[in-house]
Amino acid sequence: MAFQYEERKPKRLDPKVAKLKAADFCAYQERSQQEVRDKLYGYGLHHDEVEEILSDLITDNFINEERFAKAYVGGKFRIKGWGKRKILQGLKHHRISDYCIKKGFQEIDPDDYYATLMRHAEKKLPTIKAENQYTVRGKLTQHLVMKGFEGDLIREVIEELLNSTAP
C-alpha cells in the first residue's frame with residue numbers, strides 16, 4: 001500500500017493577524033503592492049479584506065510604490081548590473097505605475113549606465129570564440145541584450161570597443 005500525500009489548504013488567517021504579518025513582511029524590505037497582495041491571498045483572505053489591509057499598509061507607509069521602484073531600480077542596476085529594459089520588465093511584473101517607474105529610473109546616472117554597459121562588453125569580449133568580426137558582434141550584442149541594455153547603446157559600445165582593440 002503506497003503512502004499518499006493529502007493536499008492541504010492553507011489555514012485561513014484572521015485579518016488582524018494577517019495585517020501584522022504583512023506589516024512585518026513589508027518592514028523587512030521594500031515590497032510592491034502586488035507582492036503584498038499575493039501574500040495576503042496566500043493567507044486565505046478575500047478580496048475586500050486584502051484591499052482594506054493594503055490600504056491600511058499604504059496609509060501607515062509600510063508600502064510605497066515610488067520608494068519600491070527606486071530601491072528595485074537601484075539594486076538591480078548597481079548590484080546585478082541589469083540594463084533598463086530588463087529592469088522595466090521586472091517593474092511591469094510588479095505592476096508598478098508608469099509615474100513610479102519614471103521616478104525609479106532617475107536613480108540611474110547616465111554615465112554610470114554607459115560605464116556598466118562597457119564593463120559588461122569588455123568582460124564578455126575575450127570569452128567569445130569566433131572566426132570573424134560579424135560573429136563576434138552578434139554574440140556580444142546578444143549577450144548585452146540579455147542583460148537588458150538598449151540596442152543603440154549596445155551598437156555604440158561595440159563600435160567603441162572593437163575600434164579600440166583593432167590592430
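The rules behind the values
- Residues numbered from 1 in each chain as written.
- Predicted model: local features only at pLDDT ≥ 70, side-chain atom pairs only at ≥ 80, totals over all residues.
- Heavy atoms only, no water.
- Helix = DSSP H or I, 4+ residues; strand = E, 2+ residues; numbered from the N terminus.
- Rg over C-alpha atoms; globule rule 2.2 N^0.38 Å.
- Polar contact = N/O pair within 3.5 Å; in protein donor to acceptor, adjacent residues only side chain to side chain.
- Contact = heavy atoms within 4.5 Å.
- Disulfide = S-S within 2.5 Å.
- Buried < 20%, exposed > 50% of the residue type's maximum accessible area, 1.4 Å probe, protein only.
- Arc of directions from axis to C-beta.
- Core = buried A, V, L, I, M, F, W, Y, C linked by side-chain atoms within 4.5 Å.
- Expected span 1.5 Å × (residues − 1).
- Axes fitted to C-alpha atoms, helices over the stretch in contact; angles between N-to-C directions.
- Left-handed = near helix turned anticlockwise from the far one by under 90°.
- Nonpolar A, V, L, I, M, F, W, Y, C, P; charged D, E, K, R; others polar.

J.: Before we go on, may I ask you to explain the overall build of the chain in this structure?
T.: Across its full length, the chain holds 9 helices and 0 strands. The secondary structure elements of the chain, listed N-terminal to C-terminal, are α-α-α-α-α-α-α-α-α. In terms of overall dimensions, the chain is more spread out than a globule: its C-alpha atoms have a radius of gyration of 22 Å, far above the 15 Å expected for 167 residues. Considering only C-alpha atoms, the chain reaches an extent of 70 × 55 × 20 Å along its principal axes.

J.: For this particular structure, what's the right way to read the side chain of threonine 116?
T.: Residue position: threonine 116 is located in helix 7 (residues 110–124). Of note is the side chain of threonine 116, whose polar atom sits 2.8 Å from the backbone oxygen of aspartate 112. Apart from residues lying up to four places away in sequence, threonine 116 is in contact with Phe77, Gly81 and Phe149.

J.: Just checking my understanding: could you explain the state of the cysteines for this structure?
T.: Disulfide: a covalent bond connecting the sulfur atoms of a pair of cysteines. Here the structure, examined in full by the defined rule, presents 0 disulfides. In this model cysteine 26 remains outside any disulfide bridge; the closest cysteine sulfur is found in cysteine 100, 15 Å from its own.

J.: I'm lost on helix 2 (residues 33–42) in this one. Help?
T.: In an α-helix, one turn spans 3.6 residues; hence positions three or four apart end up facing the same way. Residues Gln34, Val36, Arg37 and Leu40 constitute the buried set of helix 2. Within helix 2, the buried residues cover an arc of 160° as seen down the axis, which keeps them to one side. Buried residues along helix 2 sit against helix 1 (15–28) and helix 3 (47–59). In the stretch just after helix 2, glycine 44 is the one whose phi turns positive, near 85°.

J.: I keep staring at the side chain of lysine 76 and nothing clicks. Help me out?
T.: Within the secondary structure, lysine 76 is located in helix 4 (residues 65–78). Residues within four places of lysine 76 in sequence aside, it is in contact with Gly81, Trp82 and Ile87.

J.: What's the story with the nonpolar core in this structure? I'm lost.
T.: Grouped burial of nonpolar side chains is what soluble globular proteins tend to show. In this structure, Ile87, Leu91, Ile96, Ile108, Leu140 and Leu144 are the most contacted members of the largest nonpolar core, which totals 28 residues. Among the elements of the structure, helix 4, helix 5 (84–93), helix 6 (98–105), helix 7, helix 8 (133–146) and helix 9 (151–165) are those that each provide at least two residues to this core. Each residue touching isoleucine 108, except ones within four places of it in the same chain, is listed here: Val73, Phe77, Lys84, Ile87 and Tyr113. Core analysis: the next-biggest nonpolar cluster, separate from the first, contains 15 residues, Leu13, Cys26, Leu57 and Ile63 among them.

J.: What should I look at first to understand helix 4 in this one?
T.: Here helix 4 spans 20 Å end to end across 14 residues, near enough to the 20 Å set by a 1.5 Å rise per residue. All of the buried residues along helix 4 are Glu65, Phe68, Ala69, Tyr72, Val73, Gly74, Lys76 and Phe77. Where helix 4 is buried, its residues touch helix 2, helix 5, helix 6 and helix 7.

J.: I tried to follow the packing of helix 4 against helix 5 on my own but got confused; where do I start?
T.: Geometrically, a packed helix pair is captured by the angle between its two axes and the distance between the axes. Packing of helix 4 against helix 5 brings their axes to within 10 Å, and their N-to-C directions diverge by 145°. The chirality of how helix 4 crosses helix 5 is right-handed. Contacts between helix 4 and helix 5 involve Phe68, Ala69, Tyr72, Val73, Lys76 and Phe77 from the first element and Ile87, Gly90 and Leu91 from the second. A breakdown of the residues in the contact of helix 4 with helix 5 according to their chemical character gives 7 nonpolar, 1 polar and 1 charged.

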